[in-house]
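# Working through the structure, step by step
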Amino acid sequence: MLISEKIGKMPKGGLHNDALVTAGGGLAEGVYALLPDDQGGDKGGGGGQPTFPNGNGGQGSSFDELQDAPGGEAEKAANEAEWKVSVAQAAQAAKMHGKLSSGLRQFVTDALRPTPDWREVLRNFITQRARVEPSFARPKRRWLGEDLFLPDLSGEDMGELVIAVDCSGSTMVPHIINSFSTNTKAIHQDVKPSTTHVIYWDTRILGHDVFDRQDELTVELKGGGGTTFSQVVDHINQKGINPTCMVVLTDLYIGEFGPPLDFPVLWVSNGADTAPWGEVVKMDPRHL
């Protein structure tokens, strides 16, 4: 193209051989097929594709073997902090020039806001309402692989616990349910509530499982439709359940919340981040 159409200049070190191009049918693949083995030709005589030695002495580009970027957790944290400073400076410059829209302002706020680990918030929400004596002498081994140094608990004594599971399509996702089930199961084993109620709901109550202190807690996938939380409130009142606290797994896209409850409520959300009452923690995809 550089020569026939005169659209540019041959770079320094570039070579052109009319006879070789003609013999190769005017195609790069044809030229490579004519070259000797040590100049990129196919040793087997077929295919006519160029070969490039990699760092291991084999064939193919070194890009065939991708590796993680260098640097440990400390370096990653430093890079993240530097990135946040750059974002804040850029946002301030845009604001001074009157070019920081409301949407961009919200994006910057969300980017700079520290994201709590929902697993720690969930555990603290429940365990702080149980009479326990935490000890770091023997940390929980099951969480060390997740970089969570959690104390062992002894002397657990807790009343009833309610776990309400939103069965809408956006919440009933396998990896969300599995992660939530794993964490609530571990907390249940440690704290041992006297009774744990797992209530499944959408616009109506779909199921109500009851677990004793020694039972193995499970949270399952169930199909459902819309989301109306007020009937969960009615169901709890009708059953005469008076829990120490309640945890709600939901996307928080709820048509009707109902009146505030008389006990602490934690909304574990994989969607919106606000609720008219109770405490809200977002599920960070990195912690699923």
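Look a little higher up for the structure.
Everything in this summary refers to the structure shown in the same document. (Residues numbered from 1 in each chain as written. Predicted model: local features only at pLDDT ≥ 70, side-chain atom pairs only at ≥ 80, totals over all residues. Heavy atoms only, no water.)

### Topic: the side chain of S168
With respect to the element layout, S168 can be found in the loop between β3 (158-166) and α6 (174-191). For S168, a relative accessible area of 6% puts it in the buried group. In terms of polar contacts, S168 uses its side chain to reach the side chain of D251, at 3.5 Å. Residues in contact with S168, not counting those within four places in the same chain, are G225, T227 and D251. (Helix = DSSP H or I, 4+ residues; strand = E, 2+ residues; numbered from the N terminus. Buried < 20%, exposed > 50% of the residue type's maximum accessible area, 1.4 Å probe, protein only. Polar contact = N/O pair within 3.5 Å; in protein donor to acceptor, adjacent residues only side chain to side chain. Contact = heavy atoms within 4.5 Å.)

### A look at the packing of helix α5 (residues 118-127) against α6
Close contact between α5 and α6 brings their axes to 11 Å; oriented N to C, the two are set at 30 degrees. As judged from the angle between their axes, α5 and α6 are roughly parallel. In the crossing of α5 with α6, the sense of the turn from one axis to the other is right-handed. On the side of α5, the interface is formed by W118, R119, L122, R123, I126 and T127, while α6 contributes S179, F180, N183, T184, A186, I187, D190 and V191. When its residues are assigned to classes, the contact of α5 with α6 shows 7 nonpolar, 4 polar and 3 charged. (Axes fitted to C-alpha atoms, helices over the stretch in contact; angles between N-to-C directions. Parallel < 35°, antiparallel > 145°, perpendicular 65-115°, else oblique. Left-handed = near helix turned anticlockwise from the far one by under 90°. Nonpolar A, V, L, I, M, F, W, Y, C, P; charged D, E, K, R; others polar.)

### Some remarks on α5
Owing to its 3.6 residues per turn, the α-helix brings residues three or four apart onto one side. Burial analysis of α5 places 8 of its 10 residues in the buried class, which makes it a mostly covered element. Those residues of α5 that sit buried are W118, R119, V121, L122, R123, F125, I126 and T127.

### Topic: empty space enclosed by the protein
Counted according to the given criterion, the structure contains 1 cavity of 30 Å³ or more. Around the largest cavity, the lining residues are I126, L161, I163, T184, I187, H188, V191, P193 and L217. Within the residue set of the lining of the largest cavity, elements represented by two or more residues are β3 and α6. The leading source of residues in the lining of the largest cavity is α6, at 4 residues. Its residues assigned to classes, the lining of the largest cavity shows 7 nonpolar, 2 polar and no charged. (1 Å grid on protein atoms, 1.4 Å probe; cavity = no way out; pocket = protein on both sides within 12 Å on 5 of 7 lines; lining within 4 Å. Points joined across faces, edges and corners; volume = space filled by probe spheres on them.)

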